[in-house]
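Inside the fold
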Amino acid sequence: MTDAISTPVPPSAPRRPSSTSFHGRTISDDYAWLRDPGYPEVKDAEVLAYLEAENAWFEAWMAPRRDLLDTLFAEMKGRIKEDDKSVPVREGDWLYWREFAVGAQYRTWWRRPSGAPEGVGHQCIIDEPALAEGHDYFRLGAVAVSPDGRLLAFSTDTDGSERFTVRFRDLASGEMLADTIPGTLSALAWTADSRGILYGLANAQWRTDSARLHWLGDDPAKDVELFHEEDEGFRLDVGTTQSERFLMIATGDHETSEVRLIPADNPLAEPIVVAARRKGVEYDVEEREGTLYIHTNDTHPNFRLAIARLDTPGEWHELIAGSDRFYMTGVTTFADFYVVEGREDGLDQIEVRYYDDPAKVERIAFPEASYDAALGENPEYRTATLRLGYESMVTPGTAYDYDVKLRALTVRKVQEVPSGYEAAAYDTARLMITARDGTDVPVSLVWRRDTKRGDGSNPLHLYGYGAYGIAIPPGFSTNRLSLLDRGFVFAIAHIRGGDDLGRHWYLAGKREARTNTFNDFVDVAQGLVDLGWTKAGRISIAGGSAGGELVGAAINMAPQLFGAAVAHVPFVDVLNTMLDASLPLTPGEWPEWGNPIEDAAAFDLIASYSPYDNVRAQDYPPLMVTAGLNDPRVTYWEPAKWVAKLRATKTDANTLLMKTNMGAGHGGKSGRFESLREDAEEMAFILTELGVA
């Protein structure tokens, strides 16, 4: 391995056969040795040497393309307003906002008295650049100001492992308190008297199973455990209701949930269980004047809204019935009205509803036929104005204030593109492509109006995810312009496994139906070829995490369609990971993928599509893969094993690159410009391999 580092050549990992057996089936794995037995610490010299050799090969490939990389980086950076800041949000007696200084990688967080004019009484409450100094990686986690406005709690991660440390600051004096709570992985919730904080503690397996109460000034080792989750597949988080009357402990997996409420002014009171967990039933809760508002899928997969009295929380009465057309994604209660969010025909909808008039529904109208819209930051319970976020594939991110009484939208901010952007120069469309089983799959497209279309000559970039019920909205991206301005069409495949068209769309790509996700993606690619948007071999694809699994499955199934593929921290060793209950996420992932340890049918299904297990002797498109050494979600050895197996098995001489961030985790490098350079690397790879650079 040492020679491979000093003289960059495509690395070749040695094969060391090993095998395991389940249900009478044997799994052979020649590269299992790439998992350091000391994980999460990775110290094995040979493993590290292999990863460094791959990094050296990556850098050697990038070196002659440095001009292109620098050009792309400059383009992307030029579209960012360096001294950007958010629209202030009122919380209590203060206005809060965040801003970047020119050249800064990280933000500073500010506040001023709500009655003070701009420039008066400004107070810096979090200086991210100072906190990040001396660290190769920095991420700010939870942030919570105490109810009396005097104290700040915040958490940070400095290695990408997603184990956060909580610290406290006295905002009046600016001094840091002595209290420090390591190993957290949750939001932070203050008690009503501003003396205590509720948090979730991660165990040795990175599973958040303990909700604890810390009193300021006490030893964290003596913190009171308010709830411990015994099911190793469940994770918990904490929070407060919008009214801030109750602390919440929410626990669940990917299909079942359970919520406990604790009076914020009496945190040691016995928690109120809203409803005991029932397999397959998910719910979340808000509260107003002793009435619980319960958003649940107990009677309809697209969710409904029920209410219950606080003293009889398990007696639910329907307020809004579930709908086959309207997918209710969330409910937020305010003092005088409540807001229902959802999607109808795949498009975001926001509705204002009233406690005293259940029949009165005010749906907020937006100006485009396809867009992404949602509630923004709205910490105030008593308010007459809502902050909303809006964008589309051609419209930059826009912050609106919505006057509930006047039913009027006011633009508070539009994302600036300093290097220039003319929305009229671009066009967008939404079309349906029929998958192999007859299902119509939505596709969102954007392109420059002056791009010639219809003859199949255009390069096309196709993005997808398709897991966990996560929709991919038709939003705006300044980085994407570097492709569009070079003649690309950009497409989002809204495939099954996401919940773009409702809960049924998610269920139709989950577990036993998982292969629908991969078929949809491949069929969308072929459909775009058939419709003349591009041609086989002129399509680049990308995805991350479960989206990286999608990329891996697609290039196994139909490698001839794709001219370049990018897989970020890809979940590609699905079978081995789901067979290892000791890994941090595995037990909690069984409801999503199936449990191959106990279920032979789940074993066979996962084995049939797991990208690592289905690498075979065939030509593959050029491929770029990323990994994070400290990634607790997709462990580094998944992409490493996959790349090693591809190098030894594929029959082509196409480019195969892997870059492992040796000091980062699932999200890659931190800092807005470091992250931007990684985006430029991905784009340089795509442009080079499609011959557009």
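Heads up: the structure comes first, above all this text.
Residues numbered from 1 in each chain as written. Predicted model: local features only at pLDDT ≥ 70, side-chain atom pairs only at ≥ 80, totals over all residues. Heavy atoms only, no water.

Structural notes on the sheet that holds strand β30 (residues 408-414)
Heads up, the rule is: Whether two strands pair comes down to DSSP finding at least two bridges between them. Each helix corresponds to a stretch of at least 4 residues labelled H or I by DSSP, and each strand to a stretch of at least 2 residues labelled E; elements are numbered beginning at the N terminus. Note on geometry: axes are C-alpha line fits, over the in-contact stretch for helices, and angles between N-to-C directions span 0 to 180 degrees.
If you trace the four strands from one edge of the open sheet to the other, you get β27-β28-β29-β30, paired in antiparallel fashion. The sheet terminates laterally at β27 (372-375) and β30, the two strands that pair on one side only. Mean inter-strand twist for the sheet, computed between neighbouring axes without regard to direction, equals 30°.

Some details on the pattern of salt bridges
Operational definition: Within this document, salt bridges are pairs made up of a side-chain nitrogen of Lys or Arg and a carboxyl oxygen of Asp or Glu, the two lying within 4 Å of each other. The buried label goes to any residue with under 20% of its type's maximum accessible area, the exposed label to any with over 50%, and the partly exposed label to all in between, with areas taken from a 1.4 Å probe on protein chains only.
Within the structure shown, the criterion is met by 56 salt bridges. We note a salt bridge from Glu255 to Lys279, for which the minimum N-O separation is 2.7 Å. Linking Glu255 in the loop between β16 (246-252) and β17 (257-263) with Lys279 in the loop between β18 (272-273) and β19 (283-288), this pair joins segments that are 24 residues apart in sequence. On the accessibility criterion, Glu255 (9% relative accessible area) is buried. What you see here is one network of salt bridges that share partners, running through Arg325, Glu344, Asp345, Glu351, Arg353 and Arg363.

Side note on the packing of aromatic side chains
The following threshold applies: Two aromatic rings, drawn from Phe, Tyr or Trp (for Trp, its six-membered ring), form a pair once their centres lie within 6.5 Å of each other, and the interplanar angle then sorts them: stacked below 30 degrees, edge-to-face above 60, tilted otherwise. Note on geometry: a ring has a charge over it if NZ (lysine) or CZ (arginine) is within 6 Å of the ring centre and within 35 degrees of the ring normal.
Taken as a whole and judged by the stated rule, the model has 23 aromatic pairs. On the basis of an interplanar angle of 55° and a centroid distance of 6.4 Å, the ring pair of Phe303 and Tyr327 is categorised as tilted. Taken together, the positions of Phe303 in the loop between β20 (291-296) and β21 (304-309) and Tyr327 in strand β23 (residues 326-333) put the pair 24 residues apart, joining distant regions of the chain. By relative accessible area, Phe303 is classed as buried at 6%. An aromatic cluster is present here, built from Phe366, Tyr371, Tyr390 and Tyr400 joined pairwise through their rings. Cation over ring: Arg16 sits above Trp33, and NZ or CZ is 4.5 Å from the ring centre. Residue placement shows Arg480 over the ring face of Phe490; its charged tip is 4.4 Å from the ring centre.

Overview of helix α13 (residues 672-689)
The condition is simple: Given the number of residues in a helix, its expected span is that number minus one, multiplied by 1.5 Å.
When the terminal C-alpha atoms of α13 are compared, their 26 Å separation across 18 residues agrees well with the 26 Å that a helix rising 1.5 Å per residue should span. Just downstream of α13, Gly691 is the residue with a positive phi angle, here 70°.

A short note on unusual backbone geometry
A cis amide bond links Tyr39 to the next residue, Pro40, at an omega of 20°. Looking at where Pro40 falls in the secondary structure, it is placed in the loop between β2 (25-28) and α2 (45-62). Phi is positive for His23, which is not a glycine, with a value near 55°. For His23, the location among the structural elements is in the loop between β1 (19-22) and β2. Notably, Arg511 is not glycine yet its phi reads approximately 50°, a positive angle. Its relative accessible area of 23% is what places Arg511 among the partly exposed residues.

Side note on the environment of Val404
Note the cut-off: Two residues qualify as a contact provided that any one of their heavy atoms is within 4.5 Å of a heavy atom in the partner residue.
Of note, Val404 is situated in the loop between β29 (398-403) and β30. Residue Val404 is classed as buried on the basis of its relative accessible area of 6%. Separated by 108 residues in the primary sequence, Val404 and Thr296 have C-alpha atoms spaced 26 Å apart. Excluding its chain neighbours within four sequence positions, the residues that come into contact with Val404 are Phe337, Val352, Tyr354, Glu362, Ala384 and Leu386.

Things to note about the sheet that holds strand β24 (residues 338-344)
The strand order across the open sheet formed by four strands is β23-β24-β25-β26, and the pairing between neighbours is antiparallel. In this open sheet, the two edge strands, each paired with only one partner strand, are β23 and β26 (357-363). Neighbour-to-neighbour, the strand axes of this sheet turn through a mean angle of 30°, independent of strand direction.

So, the pairing of strand β32 (residues 440-448)
Within β32, seven of the nine residues are buried, leaving the element largely enclosed by the surrounding structure. In terms of strand pairing, strand β31 (residues 426-434) meets β32 through nine bridges, oriented antiparallel. Residue pairing for β32: Tyr426 is matched across the bridge by Arg448. Connecting the antiparallel pair β31 and β32 is a turn made up of five residues, with Gly438 showing a positive phi of about 90°. Bridging between β32 and strand β34 (residues 489-493) involves four bridges; their strand directions are antiparallel. In the sheet register, Ser444 faces β34, and the bridge partner there is Ile492.

Overview of the side chain of Glu638
Put simply, the test is: The positive count covers Lys and Arg only, the negative count covers Asp and Glu only, and His and the chain ends enter neither.
Tracing the sequence through the fold places Glu638 in helix α12 (residues 637-649). Put simply, Glu638 is tucked away with no salt bridge, and the nearest opposite charge, on Lys641, sits 7.8 Å away. Here Glu638 is in contact with Pro570, Phe571, Val572, Asp573, Val574 and Thr577, once residues within four sequence places are set aside.

Looking at the packing of helix α7 (residues 515-530) against helix α8 (residues 546-557)
So the rule is basically this: Handedness of each helix crossing follows the sense of rotation of the near helix against the far helix: counterclockwise by less than a right angle gives left-handed, clockwise gives right-handed. Only Asp, Glu, Lys and Arg are considered charged, only Ala, Val, Leu, Ile, Met, Phe, Trp, Tyr, Cys and Pro nonpolar, and every remaining residue, Gly among them, polar.
Two elements in contact, α7 and α8, have axes whose closest approach is 9 Å; the angle formed by their N-to-C orientations is 65°. α8 is crossed by α7, and the crossing has right-handed handedness. The residues of α8 that touch α7, namely those facing Thr517, Phe518, Asn519, Phe521 and Val522, are Glu549, Leu550, Ala553, Ala554 and Met557. Taken together, the residues that form the contact of α7 with α8 break down as seven nonpolar, two polar and one charged.

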